[in-house]
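Descriptive structure summary
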Amino acid sequence: LELSNIPEMTDKTVVDLPEKLLANIKSLSVGGCAKLTDLTMEHVLKHNQRLQTLQLNQVPLITKDMFMKLSKAFGSYLHELNVSWCRNFDDHCAD
């Protein structure tokens, strides 16, 4: 699901997506959507724990705690994760 670089995108936009859509995606790209927060990723986790690709580059409001949750939830399913320019991501998030 390609939603990158939409400056107006907010958590509400993602929360309003149909649950069936979220449950069936294998790839989510929200890079450059700087208004998104942990609420967006909580909603995604609630409906999909089998993402293979996740693009969070330039989404600075995602917290370190959320990165840790994502790492645990997606585990071996996630093959590609882009967190470039995410100021809250550090080496401990990938442990």
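Rules of the game
Residues numbered from 1 in each chain as written. Predicted model: local features only at pLDDT ≥ 70, side-chain atom pairs only at ≥ 80, totals over all residues. Heavy atoms only, no water. Pairing = 2+ DSSP bridges. Helix = DSSP H or I, 4+ residues; strand = E, 2+ residues; numbered from the N terminus. Axes fitted to C-alpha atoms, helices over the stretch in contact; angles between N-to-C directions. Core = buried A, V, L, I, M, F, W, Y, C linked by side-chain atoms within 4.5 Å. Buried < 20%, exposed > 50% of the residue type's maximum accessible area, 1.4 Å probe, protein only. Salt bridge = Lys/Arg side-chain N within 4 Å of Asp/Glu carboxyl O.

With that settled, the discussion passes to the sheet that holds strand 2 (residues 53-55). Ordered in space as 1-2-3, the 3 strands form an open sheet in which the pairing is parallel. Where the open sheet ends on each side, the last strands, each with one partner, are strand 1 (27-29) and strand 3 (80-82). Here the strands of the sheet are splayed against their neighbours by 5° on average, with no regard to which way each runs. Bridging between strand 1 and strand 2 involves 3 bridges; their strand directions are parallel. Within strand 2, the position partnered with Leu28 by the bridge is Leu54.

Grouped together as the largest cluster of nonpolar side chains are 25 residues, with contacts concentrated most on Leu28, Val30, Met41, Leu51, Leu54, Leu56 and Leu70. Of all the secondary-structure elements, those providing two or more residues to this core are helix 3 (38-47) and helix 4 (64-74). The element best represented in this core is helix 4, accounting for 4 residues.

Using the criterion set out here, one finds 2 salt bridges in the structure. The partner of Lys12 in a salt bridge is Asp16, with the nearest N and O atoms 2.5 Å apart. In this structure, Lys12 and Asp16 share a single accessibility class: exposed. Lys69 is the salt-bridge partner of Glu42, the closest N and O atoms lying 2.5 Å from each other. Taken together, the residues Glu42 in helix 3 and Lys69 in helix 4 connect sequence positions 27 residues apart. Since its relative accessible area comes to 42%, Lys69 is described here as partly exposed.

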